[in-house]
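# Descriptive analysis of the structure
Chain by chain, the residues:
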Amino acid sequence: MIEFKLTPAQKQMKDLTHWFAANEMRPISMLSDKLGKVPDEWLDKVNKMGITLAAGGGMGGSGSGSGSSGAKKDDADVDPEVKRQTNRTTVIAAEEVGWGDPAIALTLPGPGLGGPPVQGSGTPEQKQRFLSIFTKDKPRWGAYALTEPEAGSDVSNIRTTAQKVDGGYVINGQKIFITNGGRASWVVVFATVDRSAGRAGHRAFVVEQGTPGFRCSRLAHKMGMRASETAELVFEDCFVPDENLLGGEEYYAKRAEGKSGFQVAMATFDNTRPVVAAMATGIAQAAYDYTLDFVRKEYPKSGRLYQLACEKLADMEQTIQAGRLLTWEAAWKADIGQPNSKEAAMCKAYAGKNALEVCETCLELLGPAGIDGHIVEKLYRDVKVYDIFEGTNQVQHLIVARRLYDAFELRI
Amino acid sequence: MISFRPTEEEKQFADVARDFAAEIREAARACEEAGRPSDVLLKKAEELGFTVMELPESADGLELPLVSQAQILEALCFGDLGVVQGFPGPADADSLLRTAAAAGLDTLTADLGAQPSAFVDALQGESLPKETLRLDTANGGYRLSGNSRPMRGVKFAQRLFVAVADDTGQPAVVVLDAAADGATPWQVTEGDVRLGLLTAGVARVALEDVAVPDDAVVAIGDSASQWLTAARARVQVLQAARSVGAMQAAVDYATMYTAGRKAFGQEIAKFQGVSFTVADMAIETTAARNLVLYAAAQLDANDNAGVQSARLAAARASRSLRFVTSNGVQLLGGHGFVQDYPVEKWMRDGQAQAVLYGRESERLIEYGEALLGKGGASA
């Protein structure tokens, strides 16, 4: 039955996350942007509270991974729509942390975007080894390193190499735009074992901090998301043992067609793009809420300006709600175990682009005052990257179009 | 729970609608030339119950939830929006009848059945001076006069539901019936409609100082206002659902065409200017559909927020319909402009639909006024 009501558990998660966003994140939002980092004592405090970042946006307990899709075997006889609501719950929570502060959200301790590939493709031993480190004694992070200087949206073109040697692989290459890459305890790194094999040659490795040959060469300065660490990573003859190949050698050998690192990366995107879209929706909602309050307090109650505000507020509300529903649909499909590449790309393309437009409209309604000391201008700077990372808007369009033309057996 | 899964019953009903939509598509051009849907289609629509889905059971209707109707209407209008808009019955007045019981007007539905009717709403949005209706009190009764804007179903109507303000400014709903010989107390001005929805019976109503007995004023004041608000929200959702059907038709057709059409040695879908436009059309259609279903679910659950959500769904559907159907023509190039292909009709119908069901800006301003408090009346 088509319906849009949150379950009691989802409502509780939403309320709790919103409380945290309003009372813990917002008070340090502008300060963190100015400092270019989230204060260490705050990170330590929230880590002790057990607040971690799971699957790139949702909040959860230590070591929780929430990005994998499909029903577990023991759930096979239960309707996954009811039984498994992880993706829906995650996007609901992600929207709230995006509302609180997107840069702080991405800095919350936890496996972050590195969580889903470990959770989805790792061996039981790897899951235990890499996901159990997120404990309350000190904040720790995981990271996800895919993008390279010459391979952004075109992730199939990665140049980082992994050469097989006795007992492991030697990795050489460079990764850029890696969230929490400098502070991470481990990084999921995508590299190719054979460039001539194309995507089939891609592998995913977990590279641990302190591994010889692995270093963070630079932290980027950005227009927005300034409190979030964006690292450049260098791998120079970096030896990674076999046991850090995600899924292990057998994982690839067992599959006749060889499930590649590329596929691991793409499967991750199908789960994380709705999370990114949800955060973009949260940012838009934050800008809207702030502006609505401003209009109520500062605007005249009739006349041209009032009419303008009425129309623009309604238009924004509609835009935000449309993004939210597209995101829910993508998460719902993941929960019920259906392919959701198209829906994930749709919600990311829509929410990323339109959240920026909402922030622009909010700035217009705030007028010149909006440039001075209002959080909306920060949200505007923050939100732009949501139309870029995890695949640009253009890449999302390509994915949507490819899925549409699949019906005609036309590869574009 | 958040779910986008239709019920089995909805799936079955929508499947029947989709099969019928293929026949509708096939006959659409001929219907447009004739100015009305063919008798064959009308008969089948009635037999399958597609003309009484919104009507309450007390009026021999199916009384389906809005969520179900939205899916079925989308499937039907995938065939052709214009033809479906010409289906017989109480047109948009069915939503007035559906909400009559809640407005304390149970008896109103008893003898109505699926009589051809029209809902002439002179109170929604601003009207131009030449398109106003007036209800005056006179000698203990009422008199109705003026001209309406063009409305769907007027041409075929044997009964009018007129939403109009009385001379004290109170909203009222007046029911006017044709006489037994078919003569109506109103005149129908067909005008020169060429844009689209040519099978939908679009025309204006002219009323020249028509005497209205007291019992024909079925609601007045707050009760009329509440009734109209409830009915309009349903009309907005149901019309938006129809629009989504037309959008999906344009998306599918454009995808199919661009997958097969070649230029510069390859399928034009391989040019990103084309494929990205198709993707945008698909995203826009999905976004509009979700807003429709969301509003429908709220109204089905008697959630007060449903009225506001319906306004957003209606405004969005209007914008999306124009965007999607216009691009449908664009992607077919010159072939899109000629009547050998259906997309030009869908664009015309889409624009007519957007015009007939109110200005997009008006819906948004209504929403904003409710949000901010009209004229500062409330927060």
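Being a predicted model, the structure only gives us computed values, none of them experimental.

The next thing to look at is the overall build of chain A. On a plain count of helices and strands, chain A comes out with 14 helices and ten strands. Its C-alpha atoms give chain A a radius of gyration of 21 Å, within 12% of the compact-globule value 22 Å for 412 residues. Principal-axis analysis of the C-alpha atoms gives chain A an extent of 75 × 50 × 40 Å. Classification of the 412 residues of chain A by burial places 58% in the buried group. If you sum the accessible surface of chain A, you get close to 16,300 Å²; carbon and sulfur atoms cover 52% of it. The average position of the 49 basic charges and that of the 52 acidic charges among the side chains of chain A differ by 1 Å.

Bringing the pattern of salt bridges into the picture now. All names here are of chain B. Scanning all chains against the criterion turns up 56 salt bridges over all chains. The shortest N-O distance in the salt bridge between Lys11 and Glu8 comes to 3.3 Å. A residue pair is termed a helical-turn pair when its members lie 3 or 4 positions apart in one helix, as Lys11 and Glu8 do in helix H1 (residues 8-34) at three residues. Looking at Lys11, the relative accessible area reads 35%, which means it is partly exposed.

All right, on to the sheet that holds strand E7 (residues 187-189) of chain B then. Residue and element names in this part refer to chain B. Read across the open sheet, the four strands follow the order E3-E4-E8-E7; overall the sheet is antiparallel. Two strands close off the open sheet at either side, each with one partner strand: strand E3 (133-138) and E7. Along the sheet, successive strands turn relative to each other by an average axial angle of 20 degrees, direction set aside. Relative to strand E4 (residues 141-147), E3 runs antiparallel, the two sharing six bridges. Considered in E4, the bridge of Ala138 is made with Gly141.

Turning next to the domain arrangement of chain A. Residue and element names in this part refer to chain A. Domain boundaries assigned for chain A yield domain 1 (8-131), domain 2 (142-258) and domain 3 (271-411). When each unit is reduced to the centre of its C-alpha atoms, the spacing between domain 2 and domain 3 is 31 Å. Listed per partner, the contact involves six residues of domain 2 and nine residues of domain 3. With both sides pooled, the region where domain 2 packs onto domain 3 buries about 650 Å², and carbon together with sulfur makes up 58% of that total. The tally of links between domain 2 and domain 3 comes to zero salt bridges. Where domain 2 meets domain 3, there are two residue pairs in polar contact (both at pLDDT 80 or more). The class makeup of the residues in the side of domain 2 that touches domain 3 is two nonpolar, two polar and two charged.

For the structure on display, the rule yields 17 aromatic pairs over all chains. Ring geometry for Phe20(A) and Trp42(A): centres 6.0 Å apart, planes at 45 degrees, overall tilted. Here Phe20(A), found in helix H1 (residues 8-25), pairs with Trp42(A), found in helix H3 (residues 40-48); they are 22 residues apart in sequence, far enough to count as distant. The exposure class assigned to Phe20(A) is buried, which follows from its relative accessible area of 2%. Relative to Trp346(B), the ring of Tyr253(B) has its centre 5.8 Å away and its plane inclined at 85 degrees; by these criteria the two rings are edge-to-face. Pair noted here: Tyr253(B) is in helix H6 (residues 222-260) and Trp346(B) is in helix H10 (residues 343-356), with a separation of 93 residues, a long-range link. A network of ring pairs unites the aromatic residues Phe4(A), Trp332(A), Phe4(B) and Tyr294(B) as a single cluster. The ring of Trp141(A) has Arg183(A) sitting right over it, with the charged end atom 4.5 Å from the ring centre.

Residues and elements named next belong to chain A. The phi torsion at Phe177 lies on the positive side, around 60 degrees, for a residue other than glycine. Counting through the fold element by element, Phe177 comes out in strand E6 (residues 168-179). A residue is classified by how much of its surface remains accessible, and Phe177, at 55% relative accessible area, is exposed.

Quick look at the packing of H1(B) against helix H2 (residues 39-47) of chain B now. Residues and elements named next belong to chain B. Put simply, H1 and H2 touch, their axes get as near as 10 Å, and they point 150 degrees apart. Taken together, the axes of H1 and H2 lie roughly antiparallel to each other. The crossing of H1 and H2 is left-handed. Here H1 contributes Phe20, Glu23, Ile24, Ala27 and Cys31 to the contact with H2, which in turn contributes Leu41, Lys44 and Ala45. Here the contact of H1 with H2 is built from residues that sort into six nonpolar, no polar and two charged.

Let's shift gears to the interface of chain B and chain A. Of the residues lining the interface, 49 residues belong to chain B; the matching set on chain A comes to 52 residues. Between chain B and chain A, a total of about 4,700 Å² is buried, with carbon and sulfur atoms accounting for 69% of that surface. Contact with chain A buries area across many residues of chain B, yet Met1(B), Ile2(B) and Phe4(B) alone supply 19% of it, more than any other trio. Where chain B meets chain A, there are two salt bridges.

Here we come to the environment of Asp166(B). All names here are of chain B. Checked against the element boundaries, Asp166 lands in the loop between strand E5 (159-165) and strand E6 (171-177). The exposure class of Asp166 is buried, given its relative accessible area of 8%. Sequence separation between Asp166 and Gly153 is 13 residues; the distance between their C-alpha atoms is 24 Å. When residues no more than four places from it in sequence are discounted, the contact partners of Asp166 are Leu135 and Ile220. Side-chain polar atoms of Asp166 contact the side chain of Thr168, separated by 2.7 Å.

About the criteria used
Residues numbered from 1 in each chain as written. Chains lettered and ligands numbered in written order. Predicted model: local features only at pLDDT ≥ 70, side-chain atom pairs only at ≥ 80, totals over all residues. Heavy atoms only, no water. Helix = DSSP H or I, 4+ residues; strand = E, 2+ residues; numbered from the N terminus. Rg over C-alpha atoms; globule rule 2.2 N^0.38 Å. Buried < 20%, exposed > 50% of the residue type's maximum accessible area, 1.4 Å probe, protein only. Areas by Shrake-Rupley, 256 points an atom, 1.4 Å probe, with all protein chains shown as cover. Lys, Arg positive; Asp, Glu negative; His and termini not counted. Charge placed at Lys NZ, Arg CZ, Asp CG, Glu CD. Salt bridge = Lys/Arg side-chain N within 4 Å of Asp/Glu carboxyl O. Pairing = 2+ DSSP bridges. Axes fitted to C-alpha atoms, helices over the stretch in contact; angles between N-to-C directions. Domains from an automatic or database assignment. Contact = heavy atoms within 4.5 Å. Buried area = accessible area lost by both parts, 1.4 Å probe. Polar contact = N/O pair within 3.5 Å; in protein donor to acceptor, adjacent residues only side chain to side chain. Nonpolar A, V, L, I, M, F, W, Y, C, P; charged D, E, K, R; others polar. Phe/Tyr/Trp six-rings, centres within 6.5 Å; stacked < 30°, edge-to-face > 60°. Lys NZ or Arg CZ within 6 Å of the ring centre and 35° of its normal. Parallel < 35°, antiparallel > 145°, perpendicular 65-115°, else oblique. Left-handed = near helix turned anticlockwise from the far one by under 90°.

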